[in-house]
Amino acid sequence: MDALQPAYEVFKALHIVAVIFWMAGMLYLPRLFVYHHGAVAGGELETALLKQEKNLNRIIMGPALIAVWLFAGLMIATNPALLSQGWFHGKLVLVIALSGVHGFYAASVKRFARGERPRTERFWRIMNEVPAIAAILIVILAVVKPFA
């Protein structure tokens, strides 16, 4: 894919932008779930939260996740040497795990929409920290490259 090599930096920039949008949603959605637990079933607040949760997941987080993986794939295609670097393996494992968390969040949006209150408020407060910790580790791996 030598023809795409000049576009590597553009792919990288777009990847970072997509990560920012994805992480914004990943950090905000569990906070909405915390508020949802405190809302009266069928009340005005719950109705507003259901709409926010659905839109955040469908309009921001889903497309951002797709873009993260798309631009990551294009970066790998233009720079396959990434696959031989230890720091990249660590980052990849964390991003796969975070993608799984995204799937769990998306399933939880559907459960809240069905009127369920999955897990506890405390659980969602803890889950609110998972993407933040993962993001810190991912950025350290990508910038410091400790396992080159």
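Up top is the structure.
Within each chain, residue numbers correspond to sequence positions counted from 1 in written order. Local features are withheld for residues below a pLDDT of 70 in this predicted model, meaning they are given only at 70 or higher, and side-chain atom pairs are given and counted only at 80 or more; totals for whole chains, interfaces and linings count all residues. Processing note: side-chain calculations cover all non-hydrogen atoms of the structure and skip hydrogens and water entirely.

1. Considerations on the packing of aromatic side chains
In this analysis, rings of Phe, Tyr and Trp, with Trp reduced to its six-membered ring, are considered paired at centre separations within 6.5 Å, and the interplanar angle assigns stacked below 30 degrees, edge-to-face beyond 60, and tilted for intermediate values. Evaluated as defined, the whole model comprises ten aromatic pairs. Aromatic pair Trp-87 and Phe-88: ring centres 5.7 Å apart, planes at 90 degrees, arrangement edge-to-face. For the pair formed by Trp-87 and Phe-88, the shared burial category is buried. Ring plane angle 80 degrees and centroid distance 5.1 Å describe the contact between Phe-123 and Trp-124, whose orientation is recorded as edge-to-face. The cut-offs for exposure are 20% and 50% of the maximum accessible area for each residue type, with area from a 1.4 Å probe on protein chains only; residues under the lower value are buried, those over the upper are exposed, and the others partly exposed.

2. Focus: helix α5 (residues 130-144)
The numbering of helices and of strands both runs from the N terminus, where a helix is a DSSP run of H or I of at least 4 residues and a strand a run of E of at least 2. An expected span of 1.5 Å times one less than the residue number is assigned to each helix. Taking 1.5 Å as the rise per residue, α5 with 15 residues should run 21 Å; its terminal C-alpha atoms sit 21 Å apart, in good agreement. Among the residues making up α5, those that are buried are Pro-131, Ala-134, Ile-138 and Leu-141. An end-on view of α5 places all buried positions within 95 degrees of arc, on one side of the element. Facing away from the buried side of α5, by more than 90 degrees, are the exposed residues Ile-136, Val-143 and Val-144. Note that the arc is defined by the directions from the helix axis to the C-beta atoms.

3. Section: the packing of helix α3 (residues 86-113) against α5
Contact pair α3 / α5: the axes reach a minimum separation of 9 Å and the direction vectors enclose 160 degrees. For the element pair α3 / α5, the angle class is roughly antiparallel. The element α3 and its partner α5 pack so that their crossing is left-handed. Here Trp-87, Gly-90, Lys-91, Leu-94, Val-95, Leu-98, Val-101 and Tyr-105 of α3 lie close against α5, whose contacting residues are Val-130, Pro-131, Ala-134, Leu-137, Ile-138, Leu-141 and Ala-142. Any residue that is not Ala, Val, Leu, Ile, Met, Phe, Trp, Tyr, Cys, Pro, Asp, Glu, Lys or Arg is counted as polar, Gly included; the first ten are nonpolar and the last four charged. Among the residues making up the contact of α3 with α5, the classes are represented as 13 nonpolar, one polar and one charged. An axis is simply a line fitted to the C-alpha atoms; with a helix, the fit covers only the stretch in contact. Between two such axes, the angle follows the N-to-C directions and lies from 0 to 180 degrees. The cut-offs work like this: below 35 degrees is roughly parallel, past 145 is roughly antiparallel, 65 to 115 is roughly perpendicular, and the gaps in between are oblique. Throughout, a crossing is termed right-handed when the near helix is turned clockwise from the far one, and left-handed when it is turned anticlockwise from it by less than a right angle. Two residues form a contact once any of their heavy atoms are found within 4.5 Å.

4. What about α3?
Every α-helix winds through 3.6 residues per turn, so residues three or four apart in the chain are directed the same way. An ideal rise of 1.5 Å per residue puts 40 Å on 28 residues; α3 measures up with 41 Å between its terminal C-alpha atoms. Directly after α3, the chain includes Gly-115, whose backbone phi takes a positive value near 95 degrees.

5. Thoughts on the pattern of salt bridges
Pairs can form between side chains of opposite charge whenever their charged atoms are close. Salt bridge, as used here, is a side-chain nitrogen of Lys or Arg placed within 4 Å of a carboxyl oxygen of Asp or Glu. The final tally for this structure, using the stated rule, is four salt bridges. For Glu-46, the salt bridge is made with Arg-117, and the minimal N-O distance between the two is 2.9 Å. With Glu-46 in helix α2 (residues 44-78) and Arg-117 in the loop between α3 and α4 (121-127), this residue pair connects regions lying 71 residues apart in the sequence. Exposure remark for Glu-46: the relative accessible area of 8% places this residue in the buried category. Arg-117 sits in the partly exposed class, given a relative accessible area of 27%. The structure contains a network of salt bridges with shared partners spanning Arg-111, Arg-114 and Glu-116.

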